[in-house]
Amino acid sequence: MDYTKENMRVDKILIRDFVEGDEIAVNNLFNSTFCRKRPMDEWHWKFKQNPAGESYIYLAEKNNKIIGHIGAIPLRVSIDGDIFVAYQYLDAMVESSSRKEGIFTNILSYSLSQAKVNEMLEIGFPKKIVYDIETAKLNIVHGLGEVDRYINYNLLSTNKGNYNPAFLKTSSIFKVDIFDERFDLFWEKVSREHRISLVKDGDYLNWRYIMKPQSFYSIFASQDKNEVNGFVVLKTVEKMGYKKGCIVDILSLKGAEIIQELLLYGLHYFDNQGVNLVTTYVKDSFVSKVLLQLGFVKVENEEITKKYNIEKMWLVVHNSNPRIKEEKLYNRENWRIIFGDSDWI
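What you see is a predicted model, and the numbers here were worked out from it, not measured in a lab. (Residues numbered from 1 in each chain as written. Predicted model: local features only at pLDDT ≥ 70, side-chain atom pairs only at ≥ 80, totals over all residues. Heavy atoms only, no water.)

Novice: Would you mind going over the confidence of the model for the protein chain with me for this structure?
Specialist: The predicted structure's coordinates, where accompanied by low pLDDT, should not be read in detail. When the pLDDT values of the protein chain are averaged, the result is 89; 90% of them are 70 or greater. For the stretch residues 1-5, pLDDT sits under 50, and the model shows 13 contacts to residues farther than four places along the chain or on other chains. Note on residues 158-170: pLDDT under 50 across the span, and 21 contacts to partners over four residues away in sequence or across chains. (pLDDT = per-residue confidence, 0-100. Contact = heavy atoms within 4.5 Å.)

Right, dumping it as structure tokens:
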């Protein structure tokens, strides 16, 4: 990748590009910042094995020590049928002892200067504090608002028996161990139904959900006459003394029966896992409608946010690619977003 070679120095802080050999220090900073134990193979998966290309990584260094970081991984995006590479900004972090020194702002400014040079489209799913810095304080990215959160407390108590028998005669659910060529054909069909969406062909889906180390996703798909017409990705997490089911990804051809079948199958799966509640993040009016029909409610209460640790997720966009019409990008209604489009899960 042709990085711009000029680094930026602010006071005693050097803002620079990643070089090979930085990865151990970066991963150590990640683990200390987020109280995680991310193994190095997960770092390599995230930043070096992406089928869409190479990542950009920007660092802050003080006294030869890495104290800040922003990563940008490539993701192919379909915009009205045209394919572009976007870069998702993630793992934004500053060492605890160096915060409130403007380091994050300096890394972000440097990264956006590189984005301009390289004519990049950037997206991000920050939490509220970063969203406010980027959109209000600095006014350097376009904020497209919060991604809706949904929760189901009751699981199947009101949903049992709601399958459509007529549809079940021609469709079946199967477990997915690998996304084969059928999912490429499925993506070609379903991509026409969304103005702006991540490209979810076999290459992306295998990288995102199969190749990720220690991923522990459960994946199911719906088919009709051996042709895939939808899939759902699920994950169970244990936190704060209860089991939470997460609908990580879901995509189908238009038709309420397909989405309903996949969601109900997911709810049955979670019920068998002893899950207490199910959550997801969705920016898709069609999926949202079916979620509400199946007993989900939109999370708008701060008490629920704190009690069940369902943090707000925001969508931001910054474009330096002259080939993309910005009126499309900056219209919130054009975007389809689901939980797994972020790296939160």
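Novice: Just checking my understanding: could you explain the pattern of salt bridges for this structure?
Specialist: Opposite charge on two side chains allows them to pair when their charged atoms are near. The full count for this structure, using the stated rule, is 22 salt bridges. The shortest N-O distance in the salt bridge between Arg182 and Asp180 comes to 3.0 Å. Taking the relative accessible area as the measure of exposure, Arg182 reaches 21% and is therefore partly exposed. One salt-bridge network, held together by shared partners, links Arg38, Lys46, Asp91 and Asp343. (Salt bridge = Lys/Arg side-chain N within 4 Å of Asp/Glu carboxyl O. Buried < 20%, exposed > 50% of the residue type's maximum accessible area, 1.4 Å probe, protein only.)

Novice: Sorry if this is basic, but what is going on with helix α8 (residues 256-272) here?
Specialist: An α-helical turn contains 3.6 residues, so any two residues separated by three or four positions project in the same direction. Here α8 spans 24 Å end to end across 17 residues, near enough to the 24 Å set by a 1.5 Å rise per residue. Three or more residues of α8 are buried, namely Ile258, Ile259, Gln260, Glu261, Leu262, Leu263, Leu264, Gly266, Leu267, Tyr269 and Phe270. With its phi angle positive at about 75 degrees, Gly274 sits one or two positions after the end of α8. (Helix = DSSP H or I, 4+ residues; strand = E, 2+ residues; numbered from the N terminus. Expected span 1.5 Å × (residues − 1).)

Novice: Looking at this structure, I do not really get helix α6 (residues 181-190). What am I missing?
Specialist: Regarding α6, the residues found buried are Phe183, Phe186, Trp187 and Val190. The buried residues of α6 occupy an angular sector of 100 degrees when projected down its axis, which confines them to one face. Exposed and oriented more than 90 degrees from the buried face of α6 are Glu181 and Leu185. Where the residues of α6 are buried, they touch β4 (65-79), β8 (172-175), β9 (196-198), β10 (218-224), β11 (227-239) and β12 (242-252). Capping the start of α6, Asp180 holds a side-chain oxygen 3.0 Å from the backbone nitrogen of Arg182, two or three residues further along. (Arc of directions from axis to C-beta. Polar contact = N/O pair within 3.5 Å; in protein donor to acceptor, adjacent residues only side chain to side chain.)

Novice: What should I look at first to understand the nonpolar core in this one?
Specialist: Soluble, globular proteins show a tendency: their nonpolar side chains are buried together. Counting 87 residues, the largest nonpolar core has Ile247, Ile250 and Trp335 as its most contacted members. No other element matches the eight residues that α8 contributes to this core. Not counting residues within four places of it along the chain, the set of residues in contact with Trp335 comprises Ile123, Leu144, Ile196, Lys283, Leu315, Val317, Lys328 and Leu329. Judged by nonpolar contacts, the second largest core, of 19 residues, contains Ile15, Phe104, Ile107 and Leu112. (Core = buried A, V, L, I, M, F, W, Y, C linked by side-chain atoms within 4.5 Å.)

Novice: Just to check I follow, could you spell out the packing of aromatic side chains for this structure?
Specialist: Two descriptors summarise a pair of aromatic rings, namely the distance from one centre to the other and the angle between the planes of the rings. If you walk through the whole model with that rule in mind, you get 20 aromatic pairs. Here the aromatic rings of Phe179 and Phe231 are separated by 5.9 Å at their centres, their planes lie at 75 degrees, and the arrangement is edge-to-face. Remark: Phe231 occurs in strand β11 and Phe179 occurs in the loop between β8 and α6; sequence separation between them is 52 residues. The exposure class assigned to Phe179 is buried, which follows from its relative accessible area of 3%. Measuring from centroid to centroid gives 5.8 Å for Tyr242 and Tyr308, while their planes differ by 85 degrees, and the two rings are edge-to-face. Of the two residues, Tyr242 is situated in strand β12 and Tyr308 in the loop between α10 (302-307) and β15 (313-319); the sequence distance between them amounts to 66 residues. In this structure an aromatic cluster arises from ring pairing among Tyr56, Tyr58, Tyr87 and Tyr110. One residue, Arg38, lies across the ring of Phe30, its end atom 3.7 Å from the ring centre. Here the basic side chain of Lys254 rests over the ring of Phe286, its NZ or CZ set 4.8 Å away from the ring centre. (Phe/Tyr/Trp six-rings, centres within 6.5 Å; stacked < 30°, edge-to-face > 60°. Lys NZ or Arg CZ within 6 Å of the ring centre and 35° of its normal.)

Novice: Just to check I follow, could you spell out the environment of Ala86 for this structure?
Specialist: Along the chain, Ala86 falls in strand β5 (residues 82-94). Since its relative accessible area comes to 0%, Ala86 is described here as buried. Considering only alpha carbons, one finds Ala86 and His318, 232 residues apart in sequence, at a separation of 9.8 Å.

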